[in-house]
Amino acid sequence: MGGKSKATFKLSLVALLSLSFALSGCGGNNNTKGQAESTKAPETASSNTPGKVEPFTVSVFLGTAGQQPTPDNKIYKMIKEETGASFDMEFLAGDINQKLGVMIAGQDYPDLMTGNTKLTAAGAYIPLEDLIEEHAPNLKKHYADYWNMMKDPNDGHIYILPNYGVYNGKVNSSWYSGPAFWIQKAVLKEFNYPQVKTLDEYFDLIEKYKEKYPKIDGSPTIGFEILNYDWKNWGLFNAPQHLIGHPNDGGVVVKDGVAEVFADKDYAKRYYQKLNEMNAKGLIDKETFVQNYDQYMAKLSSGTVLGMFDQHWNFNAAEDSLTTQNKIERTYVGLPLVYDTSIKDHYRDLAVLNLNNGFGISVNAKDPVKIIKLLDTLMDEKWQKLFSWGVEGEDYIVENGRFMRTQEQRDNAADATWQLANKAKAIFEYLPKTEGSFSDGNSTDAAAQPEEYKAGLKPYDKEVLDAYGFDSYVDFFSDPPPNEVYYPAWSIDLIEGSDAKIASTKLSDLQTKFLPKAILADPADFDSVWTDYTEQIKKANVKAYEDKINEQIKWRIDNWSK
Amino acid sequence: MDETLEIDTVPRPPKKNRKKKQPITWRLIKSQNQLIWMSVPLMLYIILFAYVPVWGWTMAFQNYRPAKSFGEQEWVGLKQFRFLFTDDNFIRVLRNTVAMGLINLVLGFVTAIVLALLLNEIKKVFWKRTVQTISYLPHFLSWIIVTGIVATSLSINDGIVNIVLMKLHLIKEPILWLSEGKYFWGIVGASHVWKEVGWNTIIYLAAIASIDPALYEAAEIDGANRYKKMMYVTLPGIKATIVILMIMSIGHLLEAGFEVQYLLGNGLVVDWAETIDIFVLKYGLAQGNYSLATAGGIFKTVVSVTLLLMANGISKRLGEERLL
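Residues numbered from 1 in each chain as written. Chains lettered and ligands numbered in written order. Predicted model: local features only at pLDDT ≥ 70, side-chain atom pairs only at ≥ 80, totals over all residues. Heavy atoms only, no water.

Side note on the overall build of chain A
Rule in force here: Elements are defined by DSSP. Helices are runs of H or I of four residues or more, strands are runs of E of two residues or more, and each kind is numbered from the N terminus. Any residue under 20% of the maximum accessible area for its type is buried, any over 50% is exposed, and the rest in between are partly exposed; the area is computed with a 1.4 Å probe on protein chains only. Contacts: residue pairs with any heavy atoms within 4.5 Å of one another. What sets the accessible areas is the Shrake-Rupley method with a 1.4 Å probe; for residues, cover comes only from the shown protein chains.
Broken down by element type, chain A carries 23 helices and 16 strands. Once the C-alpha set of chain A is aligned to its principal axes, its extents read approximately 95 × 70 × 55 Å. Among the 562 residues that make up chain A, the fraction classed as buried is 51%. Across chain A, every contact between residues at least 6 apart in sequence was considered, and the portion connecting residues at least 24 apart equals 75%. Accessible area for chain A stands at about 26200 Å²; split by element, carbon and sulfur atoms hold 52% of it.

Let's talk about the overall build of chain B
Helices and strands together make up the secondary structure of chain B, namely 15 helices and zero strands. Its C-alpha atoms put chain B at 80 × 75 × 35 Å along the principal axes. For chain B, buried positions account for 42% of its 324 residues. Restricting the contact set of chain B to residue pairs at least 6 apart, pairs at least 24 apart contribute 69%.

So, helix α6 (residues 143–154) of chain B
Residue and element names in this part refer to chain B. Worth spelling out the cut-off: Take the residue count of a helix, subtract one, and multiply by 1.5 Å to get its expected span.
The first and last C-alpha atoms of α6 sit 16 Å apart over 12 residues, in line with the 16 Å expected at 1.5 Å per residue. Taken together, the buried positions of α6 are occupied by W143, V146, T147, V150, A151, S153 and L154. Among the structural elements, α7 (160–167), α8 (181–209) and α12 (259–264) are those in contact with the buried residues of α6.

Re the interface of chain A and chain B
We apply this condition: What counts as buried area is the accessible surface, traced by a 1.4 Å probe, that two parts surrender upon association, with contributions from both included. Put simply, a salt bridge is a Lys or Arg side-chain nitrogen that is within 4 Å of an Asp or Glu carboxyl oxygen. Any pair of nitrogen or oxygen atoms within 3.5 Å is treated as a polar contact; in protein, a donor-acceptor pairing is required on top of that, and neighbouring residues in sequence qualify only through side-chain atoms on both sides. In the scheme used here, Gly and all other residues not listed as nonpolar or charged are polar, with Ala, Val, Leu, Ile, Met, Phe, Trp, Tyr, Cys and Pro taken as nonpolar and Asp, Glu, Lys and Arg as charged.
Contacts between the two partners involve 25 residues from chain A, matched on the other side by 27 residues from chain B. With both chains or domains summed, chain A and chain B bury close to 2400 Å², and 54% of this area falls on carbon and sulfur atoms. Salt-bridge contacts for K513(A) lead to D271(B); the nearest nitrogen and oxygen are separated by 2.7 Å. If you look at where chain A meets chain B, you find eight residue pairs in polar contact (both at pLDDT 80 or more). Contributions of two or more residues to the side of chain A that touches chain B are made by α3 (96–106) and α21 (499–520) of chain A. The biggest single contributor to the side of chain A that touches chain B is α21(A), with 10 residues. Considered class by class, the residues forming the side of chain A that touches chain B number eight nonpolar, six polar and 11 charged.

As for the sheet that holds strand β8 (residues 222–225) of chain A
Residue and element names in this part refer to chain A. Quick note on the threshold: Should DSSP find at least two bridges between two strands, the strands are regarded as paired. An axis is simply a line fitted to the C-alpha atoms; with a helix, the fit covers only the stretch in contact. Between two such axes, the angle follows the N-to-C directions and lies from 0 to 180 degrees.
Spatially, the four strands line up as an open sheet ordered β8-β11-β5-β12, and their pairing is mixed. Only two strands of the sheet have a single neighbouring strand rather than two, namely β8 and β12 (332–335). The average undirected angle you get between the axes of adjacent strands in this sheet is 20 degrees. Where β8 and strand β11 (residues 305–311) come together, three bridges link them in parallel fashion. Across the sheet, residue I222 finds its bridge partner in β11, namely V305. Seen against the sheet, helix α12 (residues 293–302) touches β8, β11 and β12 and runs at an angle of roughly 130 degrees to β11.

Thoughts on the confidence of the model for chain B
One rule of thumb: low pLDDT means the predicted coordinates there are not for detailed reading. Heads up, the rule is: One confidence number per residue, pLDDT, is output by the predictor and ranges from 0 to 100.
For chain B, per-residue confidence averages 86 on the pLDDT scale, and residues scoring 70 or more make up 93% of the total. Low pLDDT (under 50) marks residues 1–7 of chain B, which in the prediction has 11 contacts with non-local residues, meaning those over four places away or in another chain.

Notes on the sheet that holds strand β13 (residues 359–361) of chain A
Residue and element names in this part refer to chain A. Read from one edge of the open sheet, four strands run β2-β1-β3-β13, paired in mixed fashion. Only two strands of the sheet have a single neighbouring strand rather than two, namely β2 (85–91) and β13. Adjacent strand axes in the sheet meet at a mean angle of 25 degrees when their direction is disregarded. Most of the contacts of α3 go to strand β1 (residues 56–62), to which it runs at about 130 degrees, and overall it touches β1, β2 and β3 (112–114).

So, the environment of K68(B)
Summarising the element assignment, K68(B) is placed in the loop between α2 (33–51) and α3 (79–86). We classify K68(B) as partly exposed; its relative accessible area is 44%.

Re the environment of E259(B)
If you trace the backbone, E259(B) turns up in helix α12. Put simply, E259(B) and S142(B) are 117 residues apart on the chain and 9.5 Å apart in space, counted from C-alpha to C-alpha.

Considering the nonpolar core
Residue and element names in this part refer to chain A. For clarity, the threshold we go by: As used here, the term nonpolar core means buried Ala, Val, Leu, Ile, Met, Phe, Trp, Tyr and Cys residues forming a set that is joined through side-chain atoms within 4.5 Å.
Ranked by internal contacts, the top residues of the largest apolar core, which has 116 residues, are F181, Y202, F224, Y271 and Y272. The element contributing the most residues to this core is α21, with eight residues. Setting aside residues no more than four positions away along its own chain, Y202 makes contact with F181, W182, I183, V196, F224, G307, M308, L335 and L337. I126, A136, I371 and W560 belong to the second largest nonpolar core, which has 46 residues in total.

Quick look at the pairing of strand β9 (residues 252–255) of chain A
As judged from the four bridges shared by β9(A) and strand β10 (residues 258–261) of chain A, these two strands associate in the antiparallel manner. Among the inter-strand pairings, K255(A) is bridged to a residue of β10(A), identified as V258(A).

Side note on the side chain of R405(A)
All names here are of chain A. The test is simple: Positive: Lys, Arg. Negative: Asp, Glu. His and the chain ends are not part of the count.
Inspection of the secondary structure assignment puts R405 in the loop between β15 (402–404) and α16 (407–414). Buried charge without a partner: R405 forms no salt bridge, and the closest opposite charge is E452, 4.4 Å away. Excluding its chain neighbours within four sequence positions, the residues that come into contact with R405 are S388, W389, D395, Y396, I397, R410, A413, A446 and E452.

Now the structure itself:
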């Protein structure tokens, strides 16, 4: 018995010793760290000018895929030095819905999150109106005209600070980011820069070009591409509304304040029937409905695709790649096509406040006041210039008060690797921002600065624009009329889990299933597939979807009208 | 023989005539107290991770909204189940799940057993090892990579499948494999086999390794050739393993998968590609309707347990091995 208890004693002694070692090890570490900090602290305090800057970290969730900036990124470093804030950024990896589902289920939110209706519905954001009133004069001023619009239609609180759509001063625009029928510059040049206004003319050109050049750089020429992958489905769904001269309202067309789903209407049928004919002629990529986004981008980047319907920002990266490969003639011109010339195109719209984007502060944020103050500071013109143009002398030059770039600076700005070290692109994308012009009249967007845009044009682009007598590619589009009060219907929140949302999911399921079938069908069978499709839509309770949209349109007209 | 696989995983056949039940007495408990203490952590583990989460099933009968406490939730009875079962798509989705589940089950079994038998016949250890390693490596790839490989090799531009078939003059035009519903189940089945066959084989090889070599010698003396030995010694030798694994797999029949179908599926094949999991994702999770997702989960669990018990019962009737 004695032996046994001795053994136990020894064992516990060993355990105790090892534990105490482990603990003292930790303690020691802490001590040294503490010392290091305390010796360092006075230095930093003295090097910073007025008042002391307390370092703090803001955790951020960004709802899009992206790349971490380099650790010594120029702009983030400046933010840290002057405000004390550093950002711990998490980019989306994988599927947004899945990610949000996990975040919501675990109530696991970082301090700042990009706007999303799912998070709003889950009560993940805190109301911001009082915070802004009390602590954020810059933001208050910035959003003054848009205050009512920012309120959540369901409970009247402001949860999100929209990142785009608030304009100051003169708005210059040289880059069209929205939807259009795109065509390779080489096609236009080949046929001596014709005026292309209608869908028929457009496909005519593509057909003739493909006949003449069955191969581009050794690969078979692809006439027309339609992307329909996951949530990127507008390439297939949205064209008909534009062809009848309507702006982008998503899944509905709104006439005199009344919305209707257009997926099964005759003017939609006309478009898909045209695609069906084009498919029979072999103009549409065989793989178009099977491919994913990466495959689509790879095809565009190869320069073999003559045309597609898409939003410019969606394939911008492919154009960058073509530019890098020095294939300017393979980049695209956006055309505002309509069914016939009696219809006026309305592709281009005045930018709207994007309510489903930007930043919101989460319920888990420990110090919302600090965060709102930080956002308010960054709203300052000095920071806005740093974000959009960079550091004066390094990233741009000033000539007679106008901001310009040298060719080297221009090349840098377009270089993705350089951006990671020198731009705070990821965070700025979602921050509230000055759009239009700064108080000194310079454009907030370098690419939109007229003289900068002209100076940066490639000779090939100059030729194209001169042939049409335009200043920029935006001039292909008609000037936008003032937006309707409700516009755009696509930003209406259908409420998660509601009948309207289910109906809209059903509708898009049916479109995804039947439209490819109809387009790829033998032209003789097109009508029967179409009938089948419209029958199914009738069953899908689209009324609930239309009702919700109409209710919200009415709400917006009542609440947003000045 | 593969040394690394010499673990005896074959469950011993249970005794046919069970002993009379021993009454549980205080003395018995006391004499086995170490055993009981040893089982406590495992019991806690199971209670915590297998029984406590069942509480979440209450969500299926609510209109669950996150960030609200349990008392604030709205109870809706069987509404979620009604939505699930009355949807036009549900039958189709169920059919796809069961069909792909069965294909994976049968193909998975047959190929794994055949590969194990064939590997067992290879006498050169080097070759055996090489084949085994190559065949089980894909198991460690994630589905997103595998579907990427599948999509690329099935492409009409330079996909290897079309190139090979063209070179063999089996087809005249490249086939757009992923656009035809009739090919989809086959593609999913084949991808599963490619990914998992080597991994599934391991357990059969282990079972084969435990067969008494004397049986082979005896068979040889009786004049059995290779095929006869395979038929009358090896196969009966691993029968117990096969049956047990079969019963367990039947319980997973509705787990036909989600990733493959989601990543390879598109509008043209959706009628054949959508499984219960995808349906639940679209109308449940993606809509913030966690209740529907839970209802779908419950449905799958109930079906799985029923299937498992049925398979077990049938096996018992036939006098075969069983799991429970």
